[in-house]
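Residue strings, one per chain:
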There are 2 protein chains.
Amino acid sequence: MAKRLGKQTIVFEKDVALLNSACCVGKDEGNGPLAKTFDKVFYDEYIGQKTYEAAESVLQKEAIGEVLKKENLTPNDIDIAIMGDLLDQSIASTFAIKDFSIPHFSVFSACSASALGLGIGAVLVENGAVNLAICVASSHFCTAERQFRFPLNYGSKRTPNSQRTVTGAGAFLLSSQKNAPKIRAVTFGKVKDYDITDANNMGAAMAPAAADVIKAFLQDSGKKPDEYDLILTGDLGVIGSKLVIKLLQKEGIDISNRHDDCGLMIFDLEDEKSAAGGSGCGCSASVFAGHIMRKLKSGEIKKMLFCATGALLSPTSQNQGLSIPSIAHLLEIEGVKND
Amino acid sequence: MAKRLGKQTIVFEKDVALLNSACCVGKDEGNGPLAKTFDKVFYDEYIGQKTYEAAESVLQKEAIGEVLKKENLTPNDIDIAIMGDLLDQSIASTFAIKDFSIPHFSVFSACSASALGLGIGAVLVENGAVNLAICVASSHFCTAERQFRFPLNYGSKRTPNSQRTVTGAGAFLLSSQKNAPKIRAVTFGKVKDYDITDANNMGAAMAPAAADVIKAFLQDSGKKPDEYDLILTGDLGVIGSKLVIKLLQKEGIDISNRHDDCGLMIFDLEDEKSAAGGSGCGCSASVFAGHIMRKLKSGEIKKMLFCATGALLSPTSQNQGLSIPSIAHLLEIEGVKND
């Protein structure tokens, strides 16, 4: 049974455990600062498939396979697979899950799919509706470039503001088991639209949504930023990260000394091609499933907020000259206690 | 607190009420057999907007406005909006909800979005995670034709197998209130792929997924088809409806004398342009929100299964020559008791 706090926040009264996780990434991520935290690195962009879309599905399948292996489970043990990606009609997820025979649904929330899937999964687990859920999110640099910008073979020059879509997938197992990191609360965000129309500056488009949901959670729960070891946003990158800190400062909320962003962590920001940071559903999913989960399991992170952000544009809405509405979903997470 | 039955089914122990609903449709639907059951009919395909996509968002907004009005509620009373449509990156939903300031997420499950949204919403309500949820699904003939087939101005001839995408939206309010139809159980479906590649024959592609989830629910719950006044599929149309009955007969399950399909009900099937029936998220959403909800409220339907079906193709997967994987999600619903 969950309890509602304030207008937007859901607090769980029972334990919802992040039982385990796995992540698989591409070459650039595998050569980046978090190299050692990924379960598998694929150096071929096609991962042996005929299309990039099929390759993205393989990233998801491999992440699912890895996390099941860690817990000695089979697909038959899983009650629901909640998945998300950036592709039209979520085909990366559909073609990944179709051979697994697991009840399934996809969510669309752009790059915030990781936190959204975990939030919905947490409600299902706490309610007893499912015993074991798997939540997966992915993106692939080559599928995203073709769909949202230009096919890679055009050789277009990228703008300095543009973040690099992460090639990667993260998979998480949720259950009611005790000895694991826990999801304590969820705040589903609202769509925010600040009339930004530049699809190469998505960090700026998403920062207001992140600021809004962080503020909503803190108001609803009465908690303060300094209660958390880490306030982690999804993929605001260099520009959006500065902006979310500023926007919250205007509201009297200072997260500057405990904020980090998955998009700032996954690539070497000295490298021109990823200078503005990483993005994509696979960014927060693979950073959280790898680097962050290790720190939660070891107890190095005792309490954190994870706020994944999504830019809700489509190629059609861009071609029609519309703005980029954005959203962010937030999880309050507790690390394993070692006492 | 929900109870799991068998492998796939979630049974609610507390009441989850379909408090009220509303539906708004286009001209062809408004001139069809269910004309009197819709709250609003728009005779202009653009509904006064510049694009068909914006018109589809208006359908959703109007359905939300209507259902709130019926219950004398404001957007501020709603804890979560769960939405779904067929468009790339769910933009119909995003641009509909962005002015409402309601916490929100979108699901993607093609035409099964209506049942999926209600299923997830029901878990959130039963768990106490939200008090009032609104679930909305929409489609628009003109946005779907352009995206999945050809822009209308090409004047392409449609094949006799092809169903007509419904221009319509349905909105439902979920709460724990007593005196209303109830969602008693949910079965989230599995992705099924029978290697059908013809995007003009989606009823055939979706029928196996519908058969699979109906069979799963009956097995999990130990119930029989004759316990239900109605077993309603989403949008299998003429071809898929025959097929789902046959597929279940092969499994020893006879639903033939209580099966109907929203895609068979919404259009005049004598009319050449809709001879194979209706389809789209808006098909099951508007038929269920209008015609079926009336019968549930009056008690004419005492117990039914609602199984919305979705074809999980994308233009990209079609162009790559891939099959059309499908899915269906099922709700067990109880009408208002008059004794």
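A quick note: this is a predicted structure, and the numbers were derived from the prediction, not measured. (Residues numbered from 1 in each chain as written. Chains lettered and ligands numbered in written order. Predicted model: local features only at pLDDT ≥ 70, side-chain atom pairs only at ≥ 80, totals over all residues.)

Caption draft 1: The arrangement of the overall build of chain A in detail. Along the backbone of chain A there are 10 helices and 15 strands. For 339 residues, the compact-globule estimate of 2.2 N^0.38 gives 20 Å, and chain A sits close to it at 18 Å. With the C-alpha coordinates aligned to their principal axes, the bounding extent of chain A is approximately 55 × 50 × 35 Å. In chain A, once contacts between residues fewer than 6 apart in sequence are set aside, the share between residues at least 24 apart is 79%. (Helix = DSSP H or I, 4+ residues; strand = E, 2+ residues; numbered from the N terminus. Rg over C-alpha atoms; globule rule 2.2 N^0.38 Å. Contact = placed C-beta atoms within 7 Å.)

Caption draft 2: Region of the structure containing the pairing of strand E2 (residues 9–12) of chain B. All names here are of chain B. Note that strand E1 (residues 2–5) and E2 share four bridges and pair antiparallel. Within E2, the residue paired with Leu5 across the bridge is Thr9. Linking two consecutive strands that pair antiparallel, namely E1 and E2, is a turn of three residues; a positive phi of about 60° is found at Gly6 within it. Where E2 lies against strand E10 (residues 182–187), three bridges are found, and the strand directions are antiparallel. (Pairing = 2+ DSSP bridges.)

Caption draft 3: Molecular detail of the packing of helix H6 (residues 202–221) of chain B against helix H7 (residues 237–250) of chain B. Residues and elements named next belong to chain B. In the contact formed by H6 and H7, the axes pass within 8 Å of each other and the chain directions differ by 35°. Crossing of H6 over H7 shows right-handed handedness. Touching Gly203, Ala204, Met206, Ala207, Pro208, Ala210, Ala211, Ile214 and Lys215 of H6 are Gly237, Ile239, Gly240, Leu243, Val244, Leu247 and Leu248, all from H7. Its residues assigned to classes, the contact of H6 with H7 shows 12 nonpolar, three polar and one charged. (Axes fitted to C-alpha atoms, helices over the stretch in contact; angles between N-to-C directions. Left-handed = near helix turned anticlockwise from the far one by under 90°. Nonpolar A, V, L, I, M, F, W, Y, C, P; charged D, E, K, R; others polar.)

Caption draft 4: Local environment of the domain arrangement of chain A. All names here are of chain A. Per the domain assignment, the segments of chain A are domain 1 (16–175) and domain 2 (182–334). The gap between the C-alpha centroids of domain 1 and domain 2 is 18 Å. Taken together, the 48 residues of domain 1 in the interface contact 52 residues of domain 2. At the level of secondary structure, the elements contributing two or more residues to the side of domain 1 that touches domain 2 comprise strand E3 (17–26), helix H1 (27–30), helix H4 (113–126), strand E7 (133–139), helix H5 (141–148), strand E8 (164–165) and strand E9 (168–175). Sort the elements by how many residues they give to the side of domain 1 that touches domain 2 and H4 lands first, with seven residues. (Domains from an automatic or database assignment.)

Caption draft 5: Seen up close, the relation of the copies chain B and chain A. Between the two copies, chain B and chain A, the superposition gives an RMSD of 0.0 Å; the rotation angle is 180° and the shift along the axis is 0.0 Å. The symmetry that links the two subunits is that of a two-fold axis. Interface overlap between copies is the fraction of interface residues in one copy that are interface residues in the other; for chain B against chain A it reaches 98%, indicating a shared surface. (Least-squares fit on C-alpha atoms with pLDDT ≥ 70 in both.)

Caption draft 6: Quick look at helix H2 (residues 52–70) of chain A. End to end, H2(A) covers 27 Å across 19 residues, agreeing with the expected 27 Å (1.5 Å per residue, within 8%). Looking one or two places after H2(A), you find Asn72(A), whose phi comes out positive at around 55°. (Expected span 1.5 Å × (residues − 1).)

Caption draft 7: Quick peek at helix H9 (residues 281–298) of chain B. Residues and elements named next belong to chain B. Counted at 1.5 Å a residue, the expected span for H9 with its 18 residues is 26 Å, and the 25 Å between its end C-alpha atoms agrees. Its maximal kink placed at Ile292, H9 deviates by approximately 40°. By the criterion of burial, H9 is predominantly enclosed, with 13 of the 18 residues buried. Two residues or fewer after H9 comes Gly299, characterised by a positive phi angle close to 85°. (Bend = angle between axes of the 7 residues up to and from the residue. Buried ≥ 20, exposed ≤ 12 C-beta atoms within 10 Å, placed from the backbone.)

Caption draft 8: Region of the structure containing the interface of chain B and chain A. At the interface, 50 residues of chain B touch 50 residues of chain A. Residue classes in the side of chain B that touches chain A are distributed as 25 nonpolar, 17 polar and eight charged. Pairing geometry for strand E6 (residues 104–108) of chain A and strand E6 (residues 104–108) of chain B, over three bridges, is antiparallel. Across the sheet, Val107(A) pairs through a bridge with Val107(B), a residue of E6(B).

Caption draft 9: Main features of the nonpolar core. Counting residues in hydrophobic clusters, the biggest one holds 254 residues, and the most contacted among them are Leu174(A), Ile214(A), Leu174(B) and Ile214(B). For Ile214(A), the residues in contact, after removing those within four places along its chain, are Ile231(A), Leu248(A), Ile255(A), Leu305(A), Cys307(A) and Leu330(A). (Core = buried A, V, L, I, M, F, W, Y, C linked by C-beta atoms within 7 Å.)

Caption draft 10: Fine view of the pairing of E9(A). Residue and element names in this part refer to chain A. With eight of eight residues buried, E9 lies mostly within the body of the structure. Every second residue of E9 is oriented toward a common face, with Gly168, Gly170, Phe172 and Leu174 on one face and Ala169, Ala171, Leu173 and Ser175 on the other, all of them buried. In the sheet, E7 pairs with E9 via seven bridges, with the strands oriented antiparallel. Its bridge partner lying in E9, Ile134 is registered against Leu173.

Caption draft 11: Layout of unusual backbone geometry. With a phi close to 60°, Ser101(A) is a non-glycine residue in the positive phi region. Tracing the chain through its elements places Ser101(A) in the loop between helix H3 (91–97) and E6.

Caption draft 12: Focus on the environment of Ile78(B). All names here are of chain B. Mapped onto the secondary structure, Ile78 falls in the loop between helix H2 (52–70) and strand E5 (80–84). With 15 residues separating them in the primary sequence, Ile78 and Ser93 have C-alpha atoms 16 Å apart. Apart from residues no more than four positions distant in its own chain, Ile78 is found in contact with Ile102, Leu132 and Ile134.

Caption draft 13: Local environment of the environment of Gly222(A). In this fold, Gly222(A) is placed in the loop between helix H6 (202–221) and strand E11 (230–233). Separated by 76 residues in the primary sequence, Gly222(A) and Arg146(A) have C-alpha atoms spaced 44 Å apart.

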